[in-house]
Amino acid sequence: MPMKKLVVIIIVLLIIFIGMYIYRQNQITINRNNEITVDEINKIETYLQKIYMWKEITGEALPTFDNINNAPDVWLWEVVKKNLEEYELSYEQLQDKAKEIFGNDLQKEFPKEGYEYMEYNEETDTYYAIGSGLDNQEDVFLLDTIQRKENGYTVQIVEYLEDYSEGIETTNTEYNIQIKNLNDEIIGTVKNTEDETNIQQIVKDNIDRFSKKEVTLKTDESGNIYVTSVQNV
């Protein structure tokens, strides 16, 4: 083979190799950028716990909406109340807390007259949080998938109930906790002495029997997370 032709072949192969190397490096970079870190998972879960409510008070622990300004009012203000450190506040403090949780996209204003679970006192010009009656079922969610998107995340959660009624009805120190779906069907039981991971395993093993929601979250320049929409899956 002529030396000139051999050199050309070597150059072509080298170009192909370099191209494949660059492509591979780009793929690794993309994959690394799409990885969700433990810190991100913890931050997402912590935020969702802030906004996850009780269906006996708000209708749904996490209602569906296409825009935070279309979210049900009772759920919205109960989320604010749940995250209060004080229970006697001014209108400005309530509005600031709402912005802290939901971001500047929230255009709704706290009702000046208060509402069922937050009463207004004209004499002191302050609002007082009123206790809410809860049942023996704890509304819980499990993170299923997290996908990174531009300026945020798309998160799928699995919703279920932990029913502690037997513990209320018995004097025994050990009792059963029933794991239910949102249709109140019993999917499994665990002892109250068992680890929380046993409950999560029941949910994972029967995941098709539970409801799922897709939560869209946005992040700001400071890394704060805000919910923008929630849809049924």
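About the thresholds
Residues numbered from 1 in each chain as written. Predicted model: local features only at pLDDT ≥ 70, side-chain atom pairs only at ≥ 80, totals over all residues. Heavy atoms only, no water. Pairing = 2+ DSSP bridges. Helix = DSSP H or I, 4+ residues; strand = E, 2+ residues; numbered from the N terminus. Expected span 1.5 Å × (residues − 1). Buried < 20%, exposed > 50% of the residue type's maximum accessible area, 1.4 Å probe, protein only. Arc of directions from axis to C-beta. Contact = heavy atoms within 4.5 Å.

Take the pairing of strand S5 (residues 137-149) next. Looking along a regular strand, one sees side chains alternate from face to face of the sheet. Looking at chain direction, S5 and strand S6 (residues 152-163) are connected through 12 bridges and run antiparallel. Residue pairing across strands places Ile-146 opposite Val-155, the latter belonging to S6. Between S5 and S6, which pair antiparallel in sequence order, lie 2 residues; one of them, Asn-151, sits at a positive phi of approximately 60°.

This paragraph deals with helix H5 (residues 91-102). A turn of α-helix holds 3.6 residues, and therefore any two residues three or four places apart point the same way. Between its terminal C-alpha atoms H5 stretches 17 Å, which fits the 16 Å expected from 12 residues at 1.5 Å a residue. All of the buried residues along H5 are Tyr-91, Leu-94, Gln-95, Lys-97, Ala-98, Ile-101 and Phe-102. Down the axis of H5, the buried side of the element spans an arc of 160°, and every buried residue falls inside it. Lining the buried residues of H5 we find helix H2 (38-51), helix H4 (73-82), strand S1 (88-89), strand S3 (118-121), strand S4 (126-129) and strand S10 (225-232). Two residues or fewer past H5, Gly-103 is found with a positive phi of approximately 85°.

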